[in-house]
Amino acid sequence: MRVERDTLAAILKRDGAAAGAVLADDFVATLPSGDVQTKAQFLADLKSGDLVIESSEMADMKVRVYGDAAVVTYSSTDKGKYKGQDIGGRYRWTDTFVRRANKWQIVATQGTPIPNPRP
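Residues numbered from 1 in each chain as written. Predicted model: local features only at pLDDT ≥ 70, side-chain atom pairs only at ≥ 80, totals over all residues. Heavy atoms only, no water.

Caption draft 1: Inspection of the side chain of Thr 109 at higher detail. By secondary structure assignment, the location of Thr 109 is in strand S7 (residues 103-113). For Thr 109, a relative accessible area of 13% gives the class buried. Excluding residues that lie within four positions of it along the chain, Thr 109 makes contacts with Phe 27, Val 28, Ala 29, Thr 30, Trp 93, Thr 94 and Asp 95. (Helix = DSSP H or I, 4+ residues; strand = E, 2+ residues; numbered from the N terminus. Buried < 20%, exposed > 50% of the residue type's maximum accessible area, 1.4 Å probe, protein only. Contact = heavy atoms within 4.5 Å.)

Encoded structure:
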């Protein structure tokens with residue numbers, strides 16, 4: 001849970017070095033849009049300002065550890081922009097971690113939009 005919170009804090013500050021330290025070199029993100037990004041692409045978007053997360057609140061976090069692997073699920077309520085487009089909303093995330101050299105790294109993440117409840 002601490003690694004997730006620290007990673008989010010780095011993203012909010014647009015601190016690519018801190019965020020990049022948690023992402024494995026072979027990291028892959030499947031974004032809520034369905035697009036796929038590598039670590040290099042994600043960090044380039046963060047550094048350039050193409051990705052700006054203004055705020056994010058995590059909830060319902062659950063961690064399951066399987067030896068040197070772990071799966072973390074949570075929801076988030078975000079405000080932000082990607083390449084000038086509003087990406088604010090509610091999302092459900094699944095992050096897959098692997099422990100390498102006694103350090104937890106995210107190897108994959110997938111985000112799914114949570115639709116607004118129907119009236």
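Caption draft 2: Main features of a nonpolar patch on the surface. Taken together, the side chains of Met 1, Val 63 and Val 65 present a nonpolar region at the surface, about 260 Å² in accessible area. Structurally, Met 1 can be placed in the segment before helix H1 (2-12). Judged by relative accessible area, which is 46%, Met 1 ranks as partly exposed. (Patch = residues over 30% accessible without salt bridge, like charges linked within 9 Å, V, L, I, M, F, W, Y side chains within 5 Å. Areas by Shrake-Rupley, 256 points an atom, 1.4 Å probe, with all protein chains shown as cover. Salt bridge = Lys/Arg side-chain N within 4 Å of Asp/Glu carboxyl O.)

Caption draft 3: View of a positive patch on the surface. A contiguous patch of positive charge, built from Lys 62, Arg 64, Arg 90 and Arg 92, is present on the exposed surface. Broken down by secondary-structure element, the contributors of at least two residues to the positive patch are strand S3 (51-66) and strand S6 (89-100). Mapped onto the elements, Arg 92 comes out in strand S6. The class of Arg 92 is partly exposed, set by a relative accessible area of 37%. (Lys, Arg positive; Asp, Glu negative; His and termini not counted. Charge placed at Lys NZ, Arg CZ, Asp CG, Glu CD.)

Caption draft 4: Seen up close, the layout of surface pockets. Reported here for the largest pocket is a volume of approximately 670 Å³. Considering the residues around the largest pocket, the lining is formed by 28 residues, among which Leu 31, Phe 42, Leu 51, Ile 53 and Trp 93 are closest to the centre. When residues of the lining of the largest pocket are traced back to their parent elements, those giving at least two are H1, strand S1 (23-30), helix H3 (39-48), S3, strand S4 (69-82), S6 and S7. Along the lines of polarity and charge, the residues of the lining of the largest pocket split into 17 nonpolar, six polar and five charged. (1 Å grid on protein atoms, 1.4 Å probe; cavity = no way out; pocket = protein on both sides within 12 Å on 5 of 7 lines; lining within 4 Å. Points joined across faces, edges and corners; volume = space filled by probe spheres on them. Nonpolar A, V, L, I, M, F, W, Y, C, P; charged D, E, K, R; others polar.)

Caption draft 5: Spatial organisation of unusual backbone geometry. You will see that Arg 14, though not glycine, has its phi angle at about 60°, which is positive. By relative accessible area, which is 39% here, Arg 14 ends up partly exposed. Within the chain, Asn 102 stands out as a residue other than glycine whose phi angle is a positive 65°. By the secondary structure assignment, Asn 102 is in the loop between S6 and S7. By relative accessible area, Asn 102 is classed as exposed at 70%.

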